[in-house]
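Take a look at the letters that make up each chain.
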Amino acid sequence: MSDIVLPDDPSYGPEVQVDYPGYRSTRLRAPDRPLVTLPEELHALDGPVFGEGVLGELDDDLTRQHDGEPLGERIIVSGRLLDEDARPIPNALIEVWQANAAGRYRHEVDQHPAPLDPNFSGAGRCLTAADGAYRFVSVKPGAYPWQNHANAWRPAHIHFSVFGRVFSQRLVTQMYFPGDPLLDHDPIFHAVRDPAARALLVSRFDLDRTEEQWALAYRWDIVLGRGARGTTPLEDA
Ligand SMILES: [Fe+2]
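Keep in mind that this is a model prediction, so the values were computed, not measured.

S.K.: What exactly am I supposed to notice about the overall build of the protein here?
M.R.: Looking only at helices and strands, one finds three helices and 11 strands in the protein. For the protein, the succession of helices and strands along the chain, N to C, is α-β-β-β-β-β-β-β-β-α-α-β-β-β. Taking contacts inside the protein between residues at least 6 apart in sequence as the whole, the part at least 24 apart equals 68%. Roughly 13100 Å² of accessible area belongs to the protein as shown, and the carbon and sulfur atoms make up 54% of that amount.

What follows is the structure, given as structure tokens:
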């Protein structure tokens, strides 16, 4: 972790640092040209793009998408999608993707020596309800190694994407789990410079929503409002 910039470095602002030195591949990913303005008509649709009809019955349950159940610790992840004034955002498409319990993605690029699970694809989606609520059932993802620096491991996380009313409105971020010792060593987590903002990426254990003899539960609200205090940091700034 020698090249990680310490989180309390005062030269950085609170927002996500898209060209964060500790996260090597951001050198290639971070915009180095002016942003492109999308055509007005992409913003001007007056109806929701997504509806109940586009979702499958088991899209929000990653443990029931195959013949058998995936290995791992079953979890329920739920929360609300809110704007910065705490108003719920209904009918938004939330998509998630994650590694399996062994820390392996079902993706050709992921070839690290952990087993794939034939009963786990690692992708799900749902629409937010009238009160902005979403809910997924899954298994807790494992930590996995990556090539960013020597002995680099990602903390357990779930990738989240939120679509607004049109395809040009998409936000991407990651949710973490409380108490994960790898959080202190993760340059992606620390690319969010403000400790208070980073904390908003960590779910909290939710005893009230656990289901006895069946699953643990984690609660994580997503608050939109780019850069404003108390809003969820995003990767696609
Ligand atoms: Fe990941």
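S.K.: Is there a simple way to think about the confidence of the model for the protein in this case?
M.R.: Residues shown with low pLDDT carry predicted positions that ought not to be read at fine detail. On average, residues of the protein score 87 in pLDDT, and 85% of them are at 70 or above. Contacts for the low-pLDDT stretch residues 1-14, under 50 throughout, to residues beyond four places or in other chains number 29 contacts.

S.K.: When you look at the side chain of S138 in this model, what are you seeing that I'm missing?
M.R.: Turning to its location among the elements, S138 is positioned in strand β4 (residues 133-139). Of the polar contacts made by the side chain of S138, one reaches the side chain of Q98; its length is 2.7 Å.

S.K.: Would you take a moment to explain the sheet that holds strand β3 (residues 123-127) for this structure?
M.R.: Within a sheet, neighbouring strands are paired by backbone hydrogen bonds and run either parallel or antiparallel to one another. With respect to topology, four strands assemble into an open sheet ordered β3-β2-β7-β8, the strand pairing being antiparallel. Looking at strand neighbours, the two that pair on one side only are β3 and β8 (170-176), the edges of this open sheet. Within this sheet the neighbouring strands show an average axis-to-axis angle of 20 degrees, counted without direction. In this sheet, β8 lies alongside strand β7 (residues 157-163) in antiparallel orientation, the contact comprising seven bridges.

S.K.: Which parts of the structure should I look at to understand the coordination of the iron ion?
M.R.: Tetrahedral coordination by four donors sets the ideal angle at the metal to 109.5 degrees; octahedral coordination by six donors sets it to 90 or 180 degrees. Binding of the iron ion to the protein goes through Y105 (OH), Y144 (OH), H157 (NE2) and H159 (NE2), at separations of 1.9 to 2.2 Å. Each of the four donor atoms around the iron ion contributes to a set of angles spanning 91 to 159 degrees, which defines the coordination as irregular. Sequence spacing among the residues donating to the iron ion works out to Y-x38-Y-x12-H-x1-H. Taken as a pair, Y105 in the loop between β2 (93-97) and β3 and Y144 in strand β5 (residues 144-146) lie far apart in primary sequence, 39 residues in all.

S.K.: How should I be thinking about the environment of H149 in this particular structure?
M.R.: Position of H149 among the secondary structure elements: in the loop between β5 and β6 (152-154). Looking at H149, the relative accessible area reads 14%, which means it is buried. Considering only alpha carbons, one finds H149 and R24, 125 residues apart in sequence, at a separation of 8.2 Å.

S.K.: What's the story with the nonpolar core in this structure? I'm lost.
M.R.: Proteins that are soluble and globular tend to have nonpolar side chains buried together. Grouped together as the largest cluster of nonpolar side chains are 37 residues, with contacts concentrated most on Y134, F136, I158, F160 and I222. Sorting the residues of this core by element identifies β1 (74-82), β2, β4, β7, β8 and α2 (187-190) as the ones contributing at least two each.

S.K.: Got a minute to help me understand unusual backbone geometry in this structure?
M.R.: As a rule of thumb, non-glycine residues mostly have phi less than zero, and peptide bonds are mostly trans rather than cis. With phi around 60 degrees, N91 is a residue other than glycine that occupies positive phi space. Tracing the chain through its elements places N91 in the loop between β1 and β2. Despite not being glycine, N151 shows a phi value in the positive range, around 55 degrees. Along the chain, N151 falls in the loop between β5 and β6. Residue N151 is classed as exposed on the basis of its relative accessible area, which comes to 67%.

Calculation criteria
- Residues numbered from 1 in each chain as written.
- Predicted model: local features only at pLDDT ≥ 70, side-chain atom pairs only at ≥ 80, totals over all residues.
- Heavy atoms only, no water.
- Helix = DSSP H or I, 4+ residues; strand = E, 2+ residues; numbered from the N terminus.
- Contact = heavy atoms within 4.5 Å.
- Areas by Shrake-Rupley, 256 points an atom, 1.4 Å probe, with all protein chains shown as cover.
- pLDDT = per-residue confidence, 0-100.
- Polar contact = N/O pair within 3.5 Å; in protein donor to acceptor, adjacent residues only side chain to side chain.
- Pairing = 2+ DSSP bridges.
- Axes fitted to C-alpha atoms, helices over the stretch in contact; angles between N-to-C directions.
- Donors = N, O, S within 2.8 Å, 3.2 Å for Na, K, Ca; no water.
- Tetrahedral: all angles 85-135°; square planar, octahedral: opposite > 155°, others 65-115°.
- Buried < 20%, exposed > 50% of the residue type's maximum accessible area, 1.4 Å probe, protein only.
- Core = buried A, V, L, I, M, F, W, Y, C linked by side-chain atoms within 4.5 Å.

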